[in-house]
Every structure is written in C-alpha cells, then in structure tokens.
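A closer look at the structure
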Amino acid sequence: PFQWAVKWQNLPEDQVRFIYTAPQEFFFTRIKIAAFGGMILAFPIAGFIALNAEPIVRVVFARGAFGEESVQTTQAVLQWMGGALGMTVTGYYLIKALNAQIRNLESFAITAIACAASILVNLTLWRSLGPPTVGLAVASYSAVVFTLCLIRLSLWRDLIPLGLWI
C-alpha cells in the first residue's frame, strides 16, 4: 500500500517493509485498545439488558394500549437483542477497522454472511419460536460479524480471553 512512498523517496523496494510495518502495528494496537474498551463497556450492559428485559420493557412501554401480551412479546425480542449488544457494538467497530484498511470486500463478505445467517434463523425458527426469533436473528447476525471480524483481523487470540473474563 505504500509503494507510492517508496517511489517518491527513491528507496529500494526491499525497504517497503519498514515503511509499512510501523503504521500497521500502531493501527492494530489502536484497534485492540478500542475493541477492549468497547467490550468492557458493552458486554456487561448486554448482560444487564438480557437479564432485565422484562422490567425495562415495563418501565419504557407498559402503558395505554401496550398490554401484557405486548410486554411479553417485546421482552422476548429485547432479551436476545440486548444480550447481543456487546457483540453488536464491537463487531460494528471491527467492520469499520476493516474498512479503514481498505479491506472493503472482506467487510462486505462478512456482512453478507451475517445477513444470510440472520435470514436463515428467521426462516427456520419463526414457526417454532415466534416473535423471539427476531431478537435471535439479530443476535446471530451480531455473533457472525463479531466472530468473523476477530478472525480476519487476527484479534481473536487477544480479545477472546477478555470476553471470557467479562
């Protein structure tokens, strides 16, 4: 990616590694720090939402025409969606990290695979689970994006232990 700098400075081609390595290491260090921070903040919030979905829905929505059935339906969806918040936030950031490296084809492929997983969950589980399938589909999308981004950015060795600790 820095061939232009090599030619501009009239450097030997074998020195391109030194130009390329330092910014790359700095970039991945910044990604790790931000992803760690995102995980440390988002995963506990996700756990809180998943465990307290019903009281949250009651406080926010339970009034007027929003009856008990609506509370139960919304709670079932929120439980899965909220539980996936940590993966959603971190995965979104990691997709942007891929884009920042001009790895747009990879980020597109990851997003397409995640969309396919979400569609598959919706189509196969709707009849048996009903409305909670919507939340489960969002959670499956987030899990696929998060996992594939960790793999493609080679961050899984660094971030998975943190995820287990959280």
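**Comments concerning the overall build of the chain**
- Scanning the chain for helices and strands turns up eight helices and zero strands.
- Mapped in sequence order, the helices and strands of the chain form the string α-α-α-α-α-α-α-α.
- Taking all 166 residues of the chain together, 31% fall into the buried category.
- Sequence separation of 24 or more characterises 65% of the internal contacts of the chain that already satisfy a separation of 6 or more.
- Entry remark: accessible area of the chain is about 10,300 Å², with carbon and sulfur atoms responsible for 69%.

**A word on helix α7 (residues 132–152)**
- Taking 1.5 Å per residue as the helical rise, α7 with its 21 residues ought to reach 30 Å, and the 30 Å between its terminal C-alpha atoms agrees with that figure.
- Where α7 terminates, the next one or two residues include S154, which has phi positive at roughly 55°.

**With respect to the packing of helix α4 (residues 68–83) against α7**
- Contact geometry of α4 with α7 gives a least axis separation of 7 Å together with a crossing angle of 10°. Here α4 is positioned roughly parallel relative to α7, judged by the angle of their axes. Touching A76, V77, W80 and M81 of α4 are P132, V134, G135, L136, V138 and A139, all from α7.
- For the contact of α4 with α7, a count of residues per class yields nine nonpolar, one polar and no charged.

What counts, and where the lines are drawn
Residues numbered from 1 in each chain as written. Predicted model: local features only at pLDDT ≥ 70, side-chain atom pairs only at ≥ 80, totals over all residues. Heavy atoms only, no water. Helix = DSSP H or I, 4+ residues; strand = E, 2+ residues; numbered from the N terminus. Buried < 20%, exposed > 50% of the residue type's maximum accessible area, 1.4 Å probe, protein only. Contact = heavy atoms within 4.5 Å. Areas by Shrake-Rupley, 256 points an atom, 1.4 Å probe, with all protein chains shown as cover. Expected span 1.5 Å × (residues − 1). Axes fitted to C-alpha atoms, helices over the stretch in contact; angles between N-to-C directions. Parallel < 35°, antiparallel > 145°, perpendicular 65-115°, else oblique. Nonpolar A, V, L, I, M, F, W, Y, C, P; charged D, E, K, R; others polar.

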